[in-house]
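# Topology and contacts: notes
The lines below spell out each chain.
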Amino acid sequence: MTKIIDGNALVYCEGAFNTPNGKTAHGLVRFTERYKVLGVIDSRYAGQDAGEVLDGKKNGIPVFASFLEALDQTDGAKYFVMGLAPDGGRLPDAARADVHAAVKKRLNVDSGLHDFMYKDAELVALAKTNGVKLRDIRRTPEREELHFFSGKIEEVSCLKLAVLGTDSAVGKRTTAWIIVHGLRQAGKKAEMIGTGQTGWMQGAKYSMVMDSLINDFVSGEIEHAVHSAWKNEQPDAIVIEGQGSLMNPAYPGGFEILAAGRPDFVILQHAPRRLEYDGFPGYPIQPIREQIAAIEMISGKKVLAITLNHEDMDKVDIASECVKITAETGLLCTDVLQDGPEALVSLIMQQL
């Protein structure tokens, strides 16, 4: 049985569930060790099962029309968790009103947005009056708490995998968790390195929020997380969650992960139906072979496999698309969310 770190939670995702802007809620619906998710709030899907909406598989997490409805129809909620992940990380006004309502109902609030709650004096005072905590997951640590790159990454002797992507919001974190769980089920010790707010919310023990760090310390924090996971857990494999994509105009993540995490191999997450970068029309996504070439040139390491995001695809098309990508790249292509991680884990086990 999974041990829950913090407690029962309601996840706010009004207007964004089952869209790229709801990816934090999606992660929590699929898996989290930090909370027991009692329900999701999005009036568009009220009355439906969150798992069925997202993946076509019921998981017993209901979707509610409003915060008050969710609170009335569930028992024991301790946390109100912001499940939105919009471009720029801004808190919508409607969500702000529900945050205040949650605090008045004595729920702790966790938010991974860039609009920090601790700067809202009225909200801070309200939280103090009601005896609850506000946690800004993206709040930048103090400089004296941060680590600078030292080279200690070279001590890490276990297999290191990085799950990068050809775009942002393409499923890298979900695939990373599926690989970790697949390796564990195969009898291997595996650790996840979370690099965003959702990874932390899902309970990644070793994590940082890359996009809120001061640039000088990004590489050092990646190195420190990987080294700490290796030193403390002695795993067979470490899986590093990617951020953005190498050539994304707004989120050019991945460079620091390759440079500081120094993975032995890269798994590349790809949504073949996307022709332009998410949220940025007019910016075409480079062909997958160019993306592979860029990763291998920068890192000096091989892309081991392609993991498929089946966005805008029918189930019957998934297998043929994987065959097509394998023919184009010469690499295993598999949809781990749809078909499970067995084929990919088997390939990874060969590297162990």
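Everything discussed here concerns the structure shown above.
Residues numbered from 1 in each chain as written. Predicted model: local features only at pLDDT ≥ 70, side-chain atom pairs only at ≥ 80, totals over all residues. Heavy atoms only, no water.

### Concerning helix α1 (residues 23–30)
Keep this limit in mind: Relative accessibility thresholds used throughout: buried, under 20% of the residue-type maximum; exposed, over 50%; partly exposed, between the two (1.4 Å probe, protein chains only). By the criteria applied, helices consist of DSSP H or I runs no shorter than four residues and strands consist of E runs no shorter than two, each listed in order from the N terminus. Contacts: residue pairs with any heavy atoms within 4.5 Å of one another.
Judged by how many residues are buried, α1 sits mostly within the fold: 6 of 8 residues are covered. Buried residues of α1: T24, A25, H26, G27, L28 and V29, and no others. Close packing links the buried residues of α1 with β1 (7–12), β2 (35–41), α2 (50–55), β4 (79–82), α6 (172–185) and α7 (197–201).

### Concerning the packing of aromatic side chains
Convention followed: For Phe, Tyr and Trp, where Trp contributes only its six-membered ring, two rings pair if their centres lie within 6.5 Å, and the inter-plane angle classes them as stacked under 30 degrees, edge-to-face over 60, or tilted in between. Ring-over charges, as used throughout, are those where CZ of Arg or NZ of Lys falls within 6 Å of the ring centre and within 35 degrees of the ring normal.
Applying the stated criterion across every chain yields a total of 8 aromatic pairs. Relative to W177, the ring of F31 has its centre 4.7 Å away and its plane inclined at 55°; by these criteria the two rings are tilted. In this pair, F31 sits in the loop between α1 and β2 while W177 sits in helix α6, placing the two residues 146 residues apart along the sequence. Under the relative-accessibility criterion, F31 is labelled buried at 17%. Put simply, the rings of Y12, F67 and F80 pair up and form one aromatic cluster. When the ring centre of W200 is taken as reference, the NZ or CZ atom of R34 above it lies at 3.6 Å. The ring of Y118 has R139 lying over it, and the distance from NZ or CZ to the ring centre is 3.6 Å.

### Some words on the sheet that holds β4
The following threshold applies: Pairing between strands is defined by DSSP: at least two bridges between them are needed. Here an axis means a line fitted to C-alpha atoms, over the contact stretch when the element is a helix, while the angle between two N-to-C directions is reported on a 0 to 180 degree scale.
Pairing is parallel in the open sheet, where 6 strands are placed in the order β3-β2-β1-β4-β5-β6. A single partner strand is all that each edge strand has here, and the edge strands are β3 (63–64) and β6 (134–136). As judged from the 3 bridges shared by β4 and strand β5 (residues 108–111), these two strands associate in the parallel manner. Across the sheet, F80 pairs through a bridge with V109, a residue of β5. Each of β1, β4, β5 and β6 is contacted by helix α4 (residues 93–104), which is oriented at about 165° to β4, the strand it contacts most.

### Comments concerning the environment of Q286
Quick note on the threshold: Pairs of N or O atoms within 3.5 Å make up the polar contacts considered here, provided that, within protein, one atom can donate a hydrogen while the other can accept it, and that residues adjacent in sequence are counted only when both atoms are side-chain atoms.
Mapped onto the elements of the fold, Q286 is located in the loop between β11 (265–270) and α10 (288–299). Q286 sits in the partly exposed class, given a relative accessible area of 23%. When the C-alpha positions of Q286 and D167 are compared, they lie 9.8 Å apart, and in sequence the two are 119 residues distant. In contact with Q286, other than residues within four places in its own chain, are M247, Y277 and Q291. A polar contact of 2.5 Å, which involves the side chain of Q286, links it to the side chain of Y277.

### A short note on the pattern of salt bridges
What counts is decided by this rule: Salt bridges are defined by distance alone: a side-chain nitrogen of Lys or Arg within 4 Å of a carboxyl oxygen of Asp or Glu.
What the rule picks out here adds up to 14 salt bridges. The salt bridge partner of D264 is K160, with a shortest N-O separation of 4.0 Å. Within this pair, whereas D264 is found in the loop between α9 (255–261) and β11, its partner K160 is found in strand β7 (residues 159–165), the two being separated by 104 residues in sequence. The network of salt bridges with shared partners includes D6, R34, D110 and R135.

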